[in-house]
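Chain residues, written in single-letter form:
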Amino acid sequence: IVDCDWSSDVCSSDLAAAVFAEQVRLLYHLSRPAYSGTLAVALTTVIALAVAGVPVVRLGGWMSLVIAATAARFFFYKKFFASDTQPDYRVWARRFVAGAVAMGLMWGLLGSFVMAGAEWYYQLLTIFVIVGLVGSALILLTPYIPAYVGFAAGALVPPVIAMFVAGDFIHVFTATIVTAFSAVMLAACPIVHGTHVSSLRARFENAGLVERLTAAS
């Protein structure tokens, strides 16, 4: 921590850099349970859709992509925390966003193409699985807004388009609900993000205050 008044321009810049670094560290830290969780949810969904009659080859191809994307994300997670040097946090933030977008697109692909041919109630169940993942990501990915927006857009936009194109009442009704849900999540995203940032900022400000009081005593 830099020992100075955080209200000064120099220290405000230092504080912003320190907070951003902690945002990225928090992003990677929170992502750990998502890797195994993603694989478990994906496998369960694949089994359900296989029972529903979706071609196994199509499901197997999608599951292979999910495993590959998850493995790549976990590799970067391990590399981030194993680094002995000061990381470039903006580079690592971009890497995380790329992984989040890729995973979002995997779920978007499932919801718009892979599950085609299943009965409509299996399709709706898959959509609600995707919606649930986007909802849970509101906590895990909001330390850095682009990560959440990229994941949510990749996961929700393709299925919504596919359902509107389908044109029947059930699909259009579901697409409308998912669109409303997306709007709520996007509105909540900066609020949750602000909570993360405020908490991190307060931690640094309090640490700086303690240092100044200790030095003065």
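Everything numeric here is computed off the predicted structure, so don't read it as measured data.

Attention now goes to the overall build of the protein chain. When helices and strands are counted, the protein chain shows six helices and zero strands. Secondary structure elements of the protein chain occur, N-terminal to C-terminal, as α-α-α-α-α-α. Burial analysis of the protein chain (217 residues in total) assigns 40% to the buried set. Long-range pairs, those at least 24 residues apart, make up 76% of the contacts in the protein chain between residues at least 6 apart in sequence. Accessible area of the protein chain: about 11100 Å², with a carbon and sulfur share of 70%.

We now examine the packing of aromatic side chains. Evaluated as defined, the whole model comprises 17 aromatic pairs. Considering the side-chain rings of tyrosine 121 and tyrosine 122, the 5.2 Å spacing of their centres and the 40 degrees angle between planes classify their relative orientation as tilted. A centroid spacing of 5.8 Å and a plane angle of 15 degrees characterise the contact between phenylalanine 169 and phenylalanine 173, whose relative ring orientation is stacked. Of this pair, phenylalanine 169 and phenylalanine 173 both sit in helix H6 (residues 169-216), four residues apart, which is roughly one turn of that helix. A relative accessible area of 64% places phenylalanine 169 in the exposed class. For phenylalanine 173, a relative accessible area of 46% translates into the label partly exposed. Directly above the aromatic system of phenylalanine 113 lies the positively charged group of arginine 58, at a separation of 5.2 Å from the ring centroid.

What follows is about helix H2 (residues 56-82). End to end, H2 covers 38 Å across 27 residues, agreeing with the expected 39 Å (1.5 Å per residue, within 8%). Within H2, burial applies to Leu59, Trp62, Met63, Val66, Ala69, Thr70, Arg73, Tyr77 and Phe80.

Packing of helix H4 (residues 120-140) against helix H5 (residues 145-166) leaves a shortest axis separation of 10 Å and a crossing angle of 160 degrees. Put simply, H4 runs roughly antiparallel to H5. Taken as a pair, H4 and H5 cross one another with a handedness that is left-handed. Where H4 abuts H5, its residues Ile127, Ile130, Val131, Leu133, Val134, Ala137 and Leu138 lie against Tyr148, Phe151, Ala152, Ala155, Leu156, Pro159 and Met163. Split into classes, the residues belonging to the contact of H4 with H5 amount to 14 nonpolar, no polar and no charged.

Formed by 54 residues in total, the largest nonpolar core has its most connected members in Val24, Trp62, Phe96, Trp107, Val134, Tyr148 and Phe151. Per-element accounting of this core gives the leading share, eleven residues, to helix H3 (residues 89-114). Discounting chain neighbours no more than four positions away, the residues touching tryptophan 107 are Thr38, Val41, Ala42, Thr45, Trp62, Val129, Ile130, Leu133, Phe151 and Ala155.

Turning next to a positive patch on the surface. The grouping of Lys79, Arg90, Arg94 and Arg95 at the surface amounts to a positive patch. Relative to the helices and strands, lysine 79 is located in helix H2. A relative accessible area of 42% places lysine 79 in the partly exposed class.

So, about the side chain of threonine 174. With respect to the element layout, threonine 174 can be found in helix H6. Here threonine 174 is in contact with Leu124, Ile127 and Met163, once residues within four sequence places are set aside.

Quick reminder: α-helices carry 3.6 residues per turn. Residues three or four places apart thus point the same way. An ideal rise of 1.5 Å per residue puts 32 Å on 22 residues; H5 measures up with 31 Å between its terminal C-alpha atoms. Its axis deflected by about 25 degrees at alanine 153, H5 carries its strongest bend there. Buried residues of H5: Ala147, Tyr148, Gly150, Phe151, Ala152, Gly154, Ala155, Leu156, Pro159, Val160 and Met163, and no others. One or two residues past the end of H5 sits glycine 167, with phi positive at roughly 85 degrees.

Attention now moves to a nonpolar patch on the surface. A contiguous nonpolar patch, built from Leu43, Ile47 and Val51 and spanning about 300 Å² of accessible area, is present on the exposed surface. Relative to the elements of secondary structure, isoleucine 47 occurs in helix H1 (residues 9-51). Here isoleucine 47 falls in the partly exposed class, since its relative accessible area comes to 49%.

Conventions adopted
Residues numbered from 1 in each chain as written. Predicted model: local features only at pLDDT ≥ 70, side-chain atom pairs only at ≥ 80, totals over all residues. Heavy atoms only, no water. Helix = DSSP H or I, 4+ residues; strand = E, 2+ residues; numbered from the N terminus. Buried < 20%, exposed > 50% of the residue type's maximum accessible area, 1.4 Å probe, protein only. Contact = heavy atoms within 4.5 Å. Areas by Shrake-Rupley, 256 points an atom, 1.4 Å probe, with all protein chains shown as cover. Phe/Tyr/Trp six-rings, centres within 6.5 Å; stacked < 30°, edge-to-face > 60°. Lys NZ or Arg CZ within 6 Å of the ring centre and 35° of its normal. Expected span 1.5 Å × (residues − 1). Axes fitted to C-alpha atoms, helices over the stretch in contact; angles between N-to-C directions. Parallel < 35°, antiparallel > 145°, perpendicular 65-115°, else oblique. Left-handed = near helix turned anticlockwise from the far one by under 90°. Nonpolar A, V, L, I, M, F, W, Y, C, P; charged D, E, K, R; others polar. Core = buried A, V, L, I, M, F, W, Y, C linked by side-chain atoms within 4.5 Å. Patch = residues over 30% accessible without salt bridge, like charges linked within 9 Å, V, L, I, M, F, W, Y side chains within 5 Å. Salt bridge = Lys/Arg side-chain N within 4 Å of Asp/Glu carboxyl O. Lys, Arg positive; Asp, Glu negative; His and termini not counted. Charge placed at Lys NZ, Arg CZ, Asp CG, Glu CD. Bend = angle between axes of the 7 residues up to and from the residue.

Fair warning: the whole summary comes from geometry, so function is off the table for now.
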